[in-house]
Amino acid sequence: MAVLVTGGLGYVGSHAVKMLVERGESVISFDDLAFGHTQAASGSKVVIGDIGDKNLLKKVFSTHDIDSVMHFAAFADVGESVADPQKYYITNISKSLALLEVMLEFGVKQMIFSSSAATFGEPEEVPIPEDHPKNPTNPYGRSKLMLEEILKEYEHAYGLRSISFRYFNASGADPSGLIGEDHKPEHHIIPLVLQVALGQRDKFSIFGTDWPTPDGTCVRDYVHVTDLAQAHVLGLGALRKGKATTAYNLGNGNGYSVREVIAMAEEVSGKKIAAVETDRRPGDPAVLVASSKKIIEELGWKPAYPELKTIIETAWNWHSQHPNGYDGR
Ligand SMILES: NC(=O)c1ccc[n+]([C@@H]2O[C@H](COP(=O)([O-])OP(=O)(O)OC[C@H]3O[C@@H](n4cnc5c(N)ncnc54)[C@H](O)[C@@H]3O)[C@@H](O)[C@H]2O)c1
């Protein structure tokens, strides 16, 4: 049986693809290259195309014996989603519905979906459990929550079972140094900080230093991308054994402030990282830290790289060896 991985050439998807290939799975990476890189395919079969293209999807489903889909393909820039919600609802919802339609047509009824901590909004309690109220503060988070809700209905109506993984801050790179994070433009904190260390950026902007946190900067839960990939492998195994639709948080349960990330990046890279303090960004919660008790107890997930230092070391290993990403664009 084969696994179709949408967005499989992107950052998180490519790490899942690599792990699946290493485990002997037959993998098809389906990506339109909006942010993906063919160099990140790890020997999987590559199909370049849009998940909204039902004819292409039908061709793929009819030529491969696919039993499950890992659905990473989406747009994921919170700020852009506020400025251009249509782009987010078209790709993250409408094109996902096209994918689900073709899955049902071909009787493929197992999906792992990349959801997000952005489904929660401003937390009422930390660490955040799965059943915490969901009040997303932007169209991106709302699009992820909507698809989670749609997936619940698809189980009841059509028997399509799914696991939604709500990632907190995906970070780090495969310890091999072969694949890593390469977004253009980049908007994630660790690569941005490391770009300053590499001399590619003058300074890093800290959005707000008056948050109600110990050092006044935002606190986030950084989770290694290889640990996310591991969760996907566990999720796939659970779905294949008949697991019912559910959602899991994926984080380490430890929060690190922006200043702590900068200090650790300085220690790991041995470079001074210039930072400027700017205004808060609207919609940013002060603290986002996951409780991942549920997946630890139910699926036996055990993060291999929970320490911020290891996360930044693997990221630095990738960025310092690939200062211009995969292709030097
Ligand atoms: N990176 C994070 O911290 C984080 C946190 C929470 C959730 N997520 C979710 O995880 C998923 C992967 O995130 P990422 O950081 O790897 O992003 P990414 O942009 O690196 O990967 C997404 C991939 O999907 C592809 N894609 C986008 N639209 C497509 C379409 N219409 N058809 C086919 N391919 C398409 C892109 O080319 C890209 O390769 C996303 O769904 C994102 O919302 C990411």
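About the thresholds
Residues numbered from 1 in each chain as written. Predicted model: local features only at pLDDT ≥ 70, side-chain atom pairs only at ≥ 80, totals over all residues. Heavy atoms only, no water. Helix = DSSP H or I, 4+ residues; strand = E, 2+ residues; numbered from the N terminus. Rg over C-alpha atoms; globule rule 2.2 N^0.38 Å. Buried < 20%, exposed > 50% of the residue type's maximum accessible area, 1.4 Å probe, protein only. Contact = heavy atoms within 4.5 Å. Lys, Arg positive; Asp, Glu negative; His and termini not counted. Charge placed at Lys NZ, Arg CZ, Asp CG, Glu CD. Expected span 1.5 Å × (residues − 1). Pairing = 2+ DSSP bridges. Axes fitted to C-alpha atoms, helices over the stretch in contact; angles between N-to-C directions. Salt bridge = Lys/Arg side-chain N within 4 Å of Asp/Glu carboxyl O. Patch = residues over 30% accessible without salt bridge, like charges linked within 9 Å, V, L, I, M, F, W, Y side chains within 5 Å. Areas by Shrake-Rupley, 256 points an atom, 1.4 Å probe, with all protein chains shown as cover. Near = heavy atom within 4 Å. Polar contact = N/O pair within 3.5 Å; in protein donor to acceptor, adjacent residues only side chain to side chain. Nonpolar A, V, L, I, M, F, W, Y, C, P; charged D, E, K, R; others polar.

A. Highlighting the overall build of the chain. When its secondary structure is counted, the chain shows 10 helices and 14 strands. A compact globule built from 329 residues should have a C-alpha radius of gyration of about 20 Å, and the chain, at 19 Å, falls within 12% of that. For the chain, the spread of C-alpha atoms along the three principal axes comes to 55 × 40 × 40 Å. Within the span of the chain, comprising 329 residues, buried residues form 56% of the whole. The contacts in the chain between residues at least 6 apart in sequence include a share of 79% that link residues at least 24 apart. Both charge centroids of the chain, one from 32 positive and one from 42 negative side chains, sit 3 Å from each other.

B. Region of interest: helix α10 (residues 308-321). With 14 residues, α10 extends 20 Å from end C-alpha to end C-alpha; this agrees with the ideal 20 Å at 1.5 Å per step. Buried within α10 are the following residues: Leu308, Ile311, Ile312, Thr314, Ala315, Trp316, Trp318 and His319.

C. Here's a closer look at the side chain of Ser162. Inspection of the secondary structure assignment puts Ser162 in strand β6 (residues 161-167). Owing to a relative accessible area of 0%, Ser162 belongs among the buried residues under this scheme.

D. Spatial organisation of the sheet that holds strand β5 (residues 110-116). Across the sheet, which stays open at both edges, the 7 strands sit in the order β3-β2-β1-β4-β5-β6-β11 with parallel pairing between neighbours. In this open sheet, the two strands that pair with only one neighbour each are β3 (45-48) and β11 (246-250). Across this sheet, the average inter-strand angle for adjacent strands is 20°, counted without regard to direction. Sheet contacts for helix α2 (residues 54-63): β1 (2-6), β2 (26-31), β3 and β4 (66-71); angle to β2, the most-contacted strand, approximately 175°. Of the strands in this sheet, β4, β5, β6 and β11 touch helix α5 (residues 139-158), which is tilted by about 155° from β5.

E. Here's a closer look at the pattern of salt bridges. For the structure on display, the rule yields 18 salt bridges. Linking Lys54 and Glu101 is a salt bridge whose minimum nitrogen-to-oxygen distance equals 3.1 Å. Highlighted residues: Lys54 in helix α2 and Glu101 in helix α4 (residues 85-105), separated in sequence by 47 residues. Given a relative accessible area of 30%, Lys54 falls into the partly exposed group. Given a relative accessible area of 43%, Glu101 falls into the partly exposed group. Members of the salt-bridge network, linked through shared partners, are Lys18, Glu22 and Asp174.

F. Examining a nonpolar patch on the surface more closely. Nonpolar side chains collect at one region of the surface, where Leu33, Val46 and Ile48 lie side by side and expose about 200 Å² of accessible area between them. Exposure remark for Ile48: the relative accessible area of 43% places this residue in the partly exposed category.

G. Structural context of the site of the ligand. Neighbouring residues of the ligand: 30 residues in total, closest Val12, Asp31, Tyr140, Lys144 and His183. For the ligand, an oxygen atom lies 3.1 Å from a polar atom in the backbone of Gly36. For the ligand, an oxygen atom lies 2.7 Å from a polar atom in the side chain of His183. Protein burial of the ligand: of its 820 Å² of free accessible surface, 96% is covered by the chains. Counting residues per element, the ones that place at least two in the shell around the ligand are α1 (11-22), α4, β5 and α5. When residues in the shell around the ligand are grouped by element, the largest group, 3 residues, is from β5. Grouping the constituent residues of the shell around the ligand by class yields 15 nonpolar, 10 polar and 5 charged.

Function-wise, these values are silent; they only describe arrangement.
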